[in-house]
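Single-letter residue listing:
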Amino acid sequence: MIVALIPGYNEGPRIAEVVRGAATHLPVVVVDDGSSDDTAAQARAAGATVIEQRPNQGKGAALRAGFRRALADGADAVLTLDADGQHDPAEIPTFLSAWAAEPHPDLVIGRRNFRAMPPIRRLSNVLGGWAISWAVGRPIPDNQSGYRLVSRRIMEATLASDEHGFEFEVEMITSSIRLGGTIAWVPIRTIYAGEPSHIRPLAHLRSFIRIVRKARREVQRPLA
């Protein structure tokens, strides 16, 4: 069993359409991460099972809440996508086809076209890709894509993480590499509607340097 997992924070105007699109392919679980709007109500009305997390704890914590639910329900994997419409649910079959390979990959990550991004995001993703690739010792063409299929093994391996933001998605990659797992990549649409970035550049840079150093240490640390 594979479940679509959608973390959301104040995405009331957008989440119903994402849920309905994903539900044509998979059962859907939404983790409402402390929203102050009607995100939870809109998700339920669209047919999702909703976990309400209070207070807001960040995307990493929301994903782990969804992982715990999926593991308890016996899921073999989850397919994560964002609630804001930047991931097209019509592409879910592409991930499922990649997962069908034997043996199953530990991660299937949607690879975006950086050339289709606004310039500052393109630069951030290109430089970030170089840094993470150096840290883990292999090419990682898109470390920040939130559109990915995550195996049960990686869900279990990351439950104890204390990362709350984008760093958690990097941690999934390092966990897979440490465990000797396979990472598959599939091309996805790069969708932007002209929305402003909420990234605080200096804080983001400090966090990114920290997670790069952590990734370097983790992939070199022997398994217990």
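Structure shown above.
### Re the pattern of salt bridges
Okay, so step 1: The final tally for this structure, using the stated rule, is 13 salt bridges.
Okay, so step 2: A salt bridge links E11 to R14, with the shortest nitrogen-to-oxygen separation between them at 2.5 Å.
Okay, so step 3: For R14, a relative accessible area of 36% gives the class partly exposed.
Okay, so step 4: The residue R44 makes a salt bridge to E52 at a minimum N-O spacing of 2.8 Å.
Okay, so step 5: Judged by its relative accessible area of 42%, R44 is partly exposed.
Okay, so step 6: Relative accessible area serves as the criterion here: at 41%, E52 is assigned to the partly exposed category.
Okay, so step 7: Ionic contacts of the salt-bridge type, sharing partners, join the residues D32, R44, E52 and R54 into one network.

### A short note on unusual backbone geometry
Okay, so step 1: Here R54 and P55 are connected by a cis peptide whose omega angle stands at -5 degrees.
Okay, so step 2: Relative to the helices and strands, P55 is located in the loop between β3 (49-53) and α3 (59-72).
Okay, so step 3: Positive phi outside glycine occurs at N10, with the angle close to 55 degrees.
Okay, so step 4: Relative to the elements of secondary structure, N10 occurs in the loop between β1 (2-8) and α1 (12-23).
Okay, so step 5: The class for N10 is partly exposed, based on a relative accessible area of 24%.

### Structural notes on the sheet that holds strand β5 (residues 107-111)
Okay, so step 1: Within the open sheet, the seven strands sit side by side as β3-β2-β1-β4-β6-β5-β7. Their pairing is mixed. At either margin of the open sheet sits one strand with a lone partner, and together these are β3 and β7 (183-187). Strand-to-strand twist of the sheet, defined as the mean angle between neighbouring strand axes without regard to direction, takes the value 25 degrees.
Okay, so step 2: Where β1 lies against strand β4 (residues 77-80), four bridges are found, and the strand directions are parallel. Counted as the bridge partner of V3 is V78 from β4.
Okay, so step 3: Across the face of the sheet, α3 comes into contact with β1, β2 (28-33), β3, β4 and β6 (148-151) while running at roughly 135 degrees to β3.

Reading the values: rules and limits
- Residues numbered from 1 in each chain as written.
- Predicted model: local features only at pLDDT ≥ 70, side-chain atom pairs only at ≥ 80, totals over all residues.
- Heavy atoms only, no water.
- Salt bridge = Lys/Arg side-chain N within 4 Å of Asp/Glu carboxyl O.
- Buried < 20%, exposed > 50% of the residue type's maximum accessible area, 1.4 Å probe, protein only.
- Helix = DSSP H or I, 4+ residues; strand = E, 2+ residues; numbered from the N terminus.
- Pairing = 2+ DSSP bridges.
- Axes fitted to C-alpha atoms, helices over the stretch in contact; angles between N-to-C directions.
- Contact = heavy atoms within 4.5 Å.

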